[in-house]
Amino acid sequence: MIKKCLFPAAGYGTRFLPATKSIPKEMLPVLTKPLLQYGVEEAISAGMDTMAIVTGRGKRAIEDHFDRSYELEHQIDGTSKEFLMDEIRGIVQDYTFSYTRQVEMKGLGHAILTGQTLIGDEPFAVVLADDLCDNDGDSVLTQMVQIHSKYPDCCVVAIEEIPSNDTDKYGVIAGELIEDNLYKVNNMVEKPEPKDAPSNLAIIGRYILLPEIFDIIKDTKPGKGGEIQITDALLIMAKKGKVLAYKFDGVRYDCGSIDGFVEATNYFYNKKE
Ligand code: G1P
């Protein structure tokens, strides 16, 4: 069983300045809900009960969101607006939130390594809240947990097909199809130019990782952009046949970009009753 989900949330969100000058990008709302809360709800739907959040300077609003707010609750209790807080109150009451800070921004691999203190020695999920996923059936993370329970010795990354000229925005994999929508990865490259990309199968922000990844990250040299990349660390495991890539069922919006954020907003607006 995977109980812990790691949320790297230390990045600056420069693409959303000036909004992200004092508001963490993970707290930007799609309709009325912050991006990070969508990620937390997805982890809960997949059976996880502990949310391990890697934050940084200027991110205190995240901790305040996943906490009681006595003054506000006192004001709205017994009014017609009380129901607006039901979801988040339930989450705060029933699940555990733990935090650590990433002091220097040295890449996603480094952020994940920073979270080791919260995860310990067990398999765990990683959700990048920028990638907002939705599905009427099982959530993307639930689908990945099912794969991992069938292949417990493997890490799992979520992938989708992207236009060939977008490969420089993603980690890109190559692999051998072993089941419907499931590849055994034999190569992965962080943000390759289209001409160097091994395929058009891009990693999106959902991972299930084994704890041995931490030691591998410690030995991983800075890669693309001078940052420590999780893609490079996973390649070491892929070479041992221990990484699967799963083409998930569902939609995904890149809320790290303005276009994707607007599309997600329209999608959820049209979906609501
Ligand atoms: C990160 C990863 C990349 C992955 C992407 C998914 O990149 O490094 O491999 O494809 O997330 O969103 P970032 O978007 O943080 O630059």
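Check the entry above for the structure.
Just so it is clear, the structure is predicted and the values come from calculations on it, not from any experiment. (Residues numbered from 1 in each chain as written. Predicted model: local features only at pLDDT ≥ 70, side-chain atom pairs only at ≥ 80, totals over all residues. Heavy atoms only, no water.)

A.B. asks: Explain the side chain of Glu73 here, please?
C.D. replies: Here Glu73 is to be found in helix H3 (residues 70-76). A relative accessible area of 4% places Glu73 in the buried class. Within the local environment of Glu73, its side chain forms a polar contact with the side chain of Arg68, the two groups lying 2.8 Å apart. Contact partners of Glu73, with chain neighbours within four places excluded, come to Arg68, Met85 and Arg89. (Helix = DSSP H or I, 4+ residues; strand = E, 2+ residues; numbered from the N terminus. Buried < 20%, exposed > 50% of the residue type's maximum accessible area, 1.4 Å probe, protein only. Polar contact = N/O pair within 3.5 Å; in protein donor to acceptor, adjacent residues only side chain to side chain. Contact = heavy atoms within 4.5 Å.)

A.B. asks: How should the site of the ligand be read in this particular structure?
C.D. replies: For the ligand, the set of nearby residues contains 13 residues, the closest of which are Asp131, Gly171, Glu190, Lys191 and Ile203. Here an oxygen atom of the ligand sits 2.7 Å away from a polar atom, N or O, in the side chain of Asp131. Residue composition of the shell around the ligand, grouped by class: six nonpolar, four polar and three charged. (Near = heavy atom within 4 Å. Nonpolar A, V, L, I, M, F, W, Y, C, P; charged D, E, K, R; others polar.)

A.B. asks: Teacher, can you tell me more about helix H4 (residues 86-94) here?
C.D. replies: Residues separated by three or four positions in an α-helix point in the same direction, a consequence of the helix having 3.6 residues per turn. Taken together, the buried positions of H4 are Ile88, Arg89, Ile91 and Val92. With its buried residues spanning 160 degrees around the axis, H4 presents them on a single face. Across from the buried face of H4, at angles greater than 90 degrees, the exposed residues are Gln93 and Asp94. Packing partners of the buried residues in H4 comprise helix H1 (35-45), helix H2 (60-65), H3 and strand E5 (96-101). (Arc of directions from axis to C-beta.)

A.B. asks: For this particular structure, what's the right way to read the nonpolar core?
C.D. replies: Here is a general trend for soluble globular proteins: nonpolar side chains tend to be buried in one another's company. Formed by 39 residues in total, the largest nonpolar core has its most connected members in Cys5, Phe7, Val40, Met48 and Leu141. Element by element, the count of residues in this core is highest for helix H7 (residues 140-150), at five residues. Leu141 has contacts with Cys5, Glu42, Ala43, Ala46, Met48, Ala125, Val127 and Arg206, leaving out every residue within four places of it along the chain. Counting 35 residues, the second-largest nonpolar core is a separate cluster that includes Ile203, Phe214, Ala233 and Ala238. (Core = buried A, V, L, I, M, F, W, Y, C linked by side-chain atoms within 4.5 Å.)

A.B. asks: I would appreciate a short explanation of the packing of aromatic side chains in the present structure.
C.D. replies: Each pair of aromatic rings is reported with the distance of its centres and the angle of its planes. Evaluation of the coordinates by the stated rule reveals six aromatic pairs. Where Phe16 meets Phe261, the ring centres are 5.5 Å apart and the plane angle is 55 degrees; that geometry is what we call tilted. With Phe16 in the loop between strand E1 (4-8) and strand E2 (29-30) and Phe261 in helix H10 (residues 258-271), the pair connects residues that are 245 residues apart, well separated along the chain. One exposure class covers both Phe16 and Phe261, and it is buried. Look at Phe66 and Phe97: their rings are 4.5 Å apart centre to centre, the planes differ by 15 degrees, and that puts the pair in the stacked class. On the criterion of sequence distance, the pair formed by Phe66 in the loop between H2 and H3 and Phe97 in strand E5 is long-range, its members being 31 residues apart. For the pair Phe66 and Phe97, a shared accessibility class is recorded, and that class is buried. Chaining the aromatic ring pairs together yields one cluster made of Tyr38, Tyr253, Tyr267 and Phe268. The ring of Tyr38 is capped by Lys33, whose NZ or CZ atom sits 4.8 Å from the centre of that ring. (Phe/Tyr/Trp six-rings, centres within 6.5 Å; stacked < 30°, edge-to-face > 60°. Lys NZ or Arg CZ within 6 Å of the ring centre and 35° of its normal.)

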